[in-house]
Amino acid sequence: QAHNALAPIRLALHDIEGARADAQEAFRLAQDADSLPLQLAAKLIESLAEEEAGRVLARDRAQDQARQLAARIDPSVAASAAAVNPASGSAVWFNTQAQIVQELADLHLSARNYAAAQRYAERALKLARQDTDDDAVAVATISLGMAKLGLRQAAPGEQLVNEGLAALEKQDRKVRLLEQLN
């Protein structure tokens, strides 16, 4: 799990080979533990590292393996992923590429690397929409808004943040703490 958590940080720091190595080691360990969700997370992260390195064939191979793993995961395990706190070290963390890309957007926001954060947030938003995941769409929308605010695009940034917060509230999610933090 630590390798799966470290790999996106390495990607954010432009250590592509380190991220790839962590993802591959995470996959090997997840195979030894017979954990399909962790294998899936590792392959998704590996595909992003391969893409960043410009290795299209390796990216496609990792994405194909991820799709095969996703098809083998019990739907009840996948459905429970949304209720899990990633900080608790759950085996169902990072079920989708959208979640990994969102994590990269968040890491870049934390580092105040707003251009990269915008790029990853836009990608996370696109992937979340493809997955029809309303929570992920809302979070990616907020991240995109925060990135735009960081890039001094105040009006569109504020509009996106408010749009994301409104979407979460519409789903009866509590957003007061999130508003206070930002």
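Keep in mind the model is a prediction, meaning the values are calculated, not measured.

## Here we look at the side chain of Lys43
Then, number 1: Here Lys43 is to be found in helix H3 (residues 36-52).
Then, number 2: Overall, the relative accessible area of 7% leaves Lys43 in the buried class.
Then, number 3: One polar contact links Lys43 to Glu46, side chain to side chain, over a distance of 2.9 Å.
Then, number 4: In contact with Lys43, not counting residues within four places along its chain, are Phe27, Ala62, Gln65, Ala66 and Leu69.

## Remarks on unusual backbone geometry
Then, number 1: With a phi close to 65 degrees, His14 is a non-glycine residue in the positive phi region.
Then, number 2: Tracing the backbone shows His14 in the loop between helix H1 (2-12) and helix H2 (16-32).

## Side note on H2
Then, number 1: Helix length check: H2, at 17 residues, gives a terminal C-alpha distance of 24 Å against a target of 24 Å (1.5 Å per residue), a fit within 8%.
Then, number 2: Within the span of H2, buried status applies to Gly18, Ala19, Asp22, Ala23, Ala26, Phe27 and Ala30.
Then, number 3: Here the buried face of H2 lies against H1, H3 and helix H4 (56-72).
Then, number 4: Of the residues trailing H2, Asp34 is marked for its positive phi of about 60 degrees.

## Section: the confidence of the model for the chain
Then, number 1: Looking at the chain as a whole, the pLDDT averages 81, with 82% of positions reaching at least 70.
Then, number 2: Mean pLDDT in the chain bottoms out at helix H10 (residues 176-181), which sits at 50, and peaks at helix H8 (residues 134-150), which reaches 93.
Then, number 3: Counting contacts from residues 78-93, a segment whose pLDDT is below 50, to residues more than four positions away or on other chains yields 18 contacts.

## What about the nonpolar core?
Nonpolar side chains tend to gather and get buried jointly when the protein is soluble and globular.
Then, number 1: Judged by nonpolar contacts, the single largest core of 32 residues is most densely connected at Leu11, Leu40, Leu48, Val101 and Leu104.
Then, number 2: When contributions to this core are tallied by element, the ones reaching two or more residues are H1, H2, H3, H4, helix H6 (97-110), helix H7 (114-130) and H8.
Then, number 3: A total of seven residues in this core trace back to one element, the largest contributor, which is H3.
Then, number 4: Core analysis: the second largest hydrophobic core is formed by five residues, Ala138, Ile142, Leu165 and Leu168 among them.

## Regarding the packing of H6 against H8
A pair of packed helices is characterised by two quantities: the angle between their axes and the separation of those axes.
Then, number 1: Interhelical geometry of H6 versus H8 gives an angle of 30 degrees and a closest axis separation of 10 Å. In terms of axis orientation, H6 runs roughly parallel to H8. In the crossing of H6 with H8, the sense of the turn from one axis to the other is left-handed. In contact with Gln102, Asp106 and Leu109 of H6, H8 contributes Val139, Ala140, Ser143, Met146 and Ala147.
Then, number 2: For the contact of H6 with H8, the class distribution of residues is five nonpolar, two polar and one charged.

## Some details on the pattern of salt bridges
Then, number 1: The tally for this structure, following the rule as stated, stands at twelve salt bridges.
Then, number 2: For Arg10, the salt bridge goes to Asp22, with nearest N and O atoms at 2.4 Å. Of the two residues, Arg10 is situated in helix H1 and Asp22 in helix H2; the sequence distance between them amounts to twelve residues.
Then, number 3: Relative accessible area serves as the criterion here: at 26%, Arg10 is assigned to the partly exposed category.
Then, number 4: Looking at Asp22, the relative accessible area reads 7%, which means it is buried.
Then, number 5: Between Asp32 and Arg28 there is a salt bridge whose closest N-O contact spans 3.1 Å. One end of the pair, Asp32, and the other, Arg28, are both in helix H2, four residues apart, so they sit about a helical turn from each other.
Then, number 6: Given the relative accessible area of 58%, Asp32 is considered exposed.
Then, number 7: A relative accessible area of 38% places Arg28 in the partly exposed class.
Then, number 8: What emerges from the salt-bridge pattern is a single network uniting Glu17, Arg20, Glu50 and Arg55.

Cut-off values and rules
Residues numbered from 1 in each chain as written. Predicted model: local features only at pLDDT ≥ 70, side-chain atom pairs only at ≥ 80, totals over all residues. Heavy atoms only, no water. Helix = DSSP H or I, 4+ residues; strand = E, 2+ residues; numbered from the N terminus. Buried < 20%, exposed > 50% of the residue type's maximum accessible area, 1.4 Å probe, protein only. Polar contact = N/O pair within 3.5 Å; in protein donor to acceptor, adjacent residues only side chain to side chain. Contact = heavy atoms within 4.5 Å. Expected span 1.5 Å × (residues − 1). pLDDT = per-residue confidence, 0-100. Core = buried A, V, L, I, M, F, W, Y, C linked by side-chain atoms within 4.5 Å. Axes fitted to C-alpha atoms, helices over the stretch in contact; angles between N-to-C directions. Parallel < 35°, antiparallel > 145°, perpendicular 65-115°, else oblique. Left-handed = near helix turned anticlockwise from the far one by under 90°. Nonpolar A, V, L, I, M, F, W, Y, C, P; charged D, E, K, R; others polar. Salt bridge = Lys/Arg side-chain N within 4 Å of Asp/Glu carboxyl O.

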